[in-house]
Amino acid sequence: MALIAAFAVSGRSEADREHDAFEATQKDARLFAARLLTNKGRTPTDQDIRDALDETPGFGVLVETHPTTDGTRLLVQFSRPYERSLVLFGPADTMATRCFTIDLPSTGPSGPRVKAHGPKEPCGTVAGSTLS
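Here goes a summary of the coordinates provided.

Calculation criteria
Residues numbered from 1 in each chain as written. Predicted model: local features only at pLDDT ≥ 70, side-chain atom pairs only at ≥ 80, totals over all residues. Heavy atoms only, no water. Helix = DSSP H or I, 4+ residues; strand = E, 2+ residues; numbered from the N terminus. Buried < 20%, exposed > 50% of the residue type's maximum accessible area, 1.4 Å probe, protein only. Polar contact = N/O pair within 3.5 Å; in protein donor to acceptor, adjacent residues only side chain to side chain. Contact = heavy atoms within 4.5 Å. Disulfide = S-S within 2.5 Å. Pairing = 2+ DSSP bridges. Phe/Tyr/Trp six-rings, centres within 6.5 Å; stacked < 30°, edge-to-face > 60°.

Things to note about the side chain of aspartate 28
Item 1. Note that aspartate 28 resides in helix α1 (residues 2-36).
Item 2. Among the residues examined, aspartate 28 registers a relative accessible area of 2% and is labelled buried.
Item 3. Side chain to side chain, aspartate 28 and arginine 80 meet in a polar contact 2.9 Å long.
Item 4. Once residues within four sequence positions are removed from consideration, aspartate 28 is found in contact with Thr56, Pro57, Gly58, Phe78 and Arg80.

Dropping the structure here:
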């Protein structure tokens, strides 16, 4: 009975850690977008994007870049590690990964638009439906 109670408690805290990791990816995406806007008025270069990813906490991977009528649209995947509970087989650490669409305006006062896709939506699937 104690083992069942420990599993239930640890399962809840694992869910909390996973949620916190997903929330951290959201902050990473917003920070990344804000760093790219320092070059407002011009399209970010590949080097600008790499530099912003390097300066952003967590793990970021650029999936696609497309020009739009009013700026640039990026598809970026951010990941953060978190610890699983009561692991019998496999690693105790795993990753929370989320895909983001980031619209960067080229001019005007508006800031970046950051859209988080669902945790079960891989960037490959999102790329076909969002950037076309």
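Focus on the environment of arginine 98
Item 1. Positionally, arginine 98 belongs in strand β3 (residues 93-105).
Item 2. A relative accessible area of 14% means that arginine 98 is categorised as buried.
Item 3. When sequence neighbours within four positions are dropped, the list of residues in contact with arginine 98 reads Phe22, Thr25, Val76, Gln77, Phe78, Ala116, His117, Gly118 and Pro119.
Item 4. Of note is the side chain of arginine 98, whose polar atom sits 3.0 Å from the backbone oxygen of histidine 117.

Notes on the state of the cysteines
Item 1. Applying the stated criterion across every chain yields a total of one disulfide.
Item 2. The partner cysteine of cysteine 99 in its disulfide is cysteine 123, sulfur to sulfur 2.2 Å. Linking cysteine 99 and cysteine 123, the disulfide has an S-S dihedral of approximately 120 degrees and is accordingly described as right-handed. Linking cysteine 99 in strand β3 with cysteine 123 in helix α3 (residues 123-130), this pair joins segments that are 24 residues apart in sequence. Taken individually, cysteine 99 and cysteine 123 each receive the classification buried, so the pair is uniform in this respect.

Here we look at the pairing of β3
Item 1. Pairing geometry for strand β2 (residues 71-83) and β3, over 13 bridges, is antiparallel. When the bridges of β3 are listed, glycine 71 appears paired with proline 105.
Item 2. Summarising the sheet, β3 and strand β4 (residues 113-116) pair through four bridges and their orientation is antiparallel. What sits directly across from phenylalanine 100, in β4, is alanine 116.

As for the environment of glutamate 121
Item 1. Among the secondary structure elements, glutamate 121 is positioned in the loop between β4 and α3.
Item 2. Owing to a relative accessible area of 37%, glutamate 121 belongs among the partly exposed residues under this scheme.
Item 3. Sequence separation of glutamate 121 and phenylalanine 100 is 21 residues, and the distance between their C-alpha atoms is 10.0 Å.

What about the packing of aromatic side chains?
Item 1. Per the counting criterion, the structure on display carries two aromatic pairs.
Item 2. Taken together, a centroid distance of 5.7 Å and an interplanar angle of 65 degrees make the contact between phenylalanine 32 and phenylalanine 78 edge-to-face. Pair noted here: phenylalanine 32 is in helix α1 and phenylalanine 78 is in strand β2, with a separation of 46 residues, a long-range link. For the pair shown, phenylalanine 32 and phenylalanine 78 are each scored as buried.
Item 3. Where phenylalanine 78 meets phenylalanine 100, the ring centres are 5.9 Å apart and the plane angle is 70 degrees; that geometry is what we call edge-to-face.

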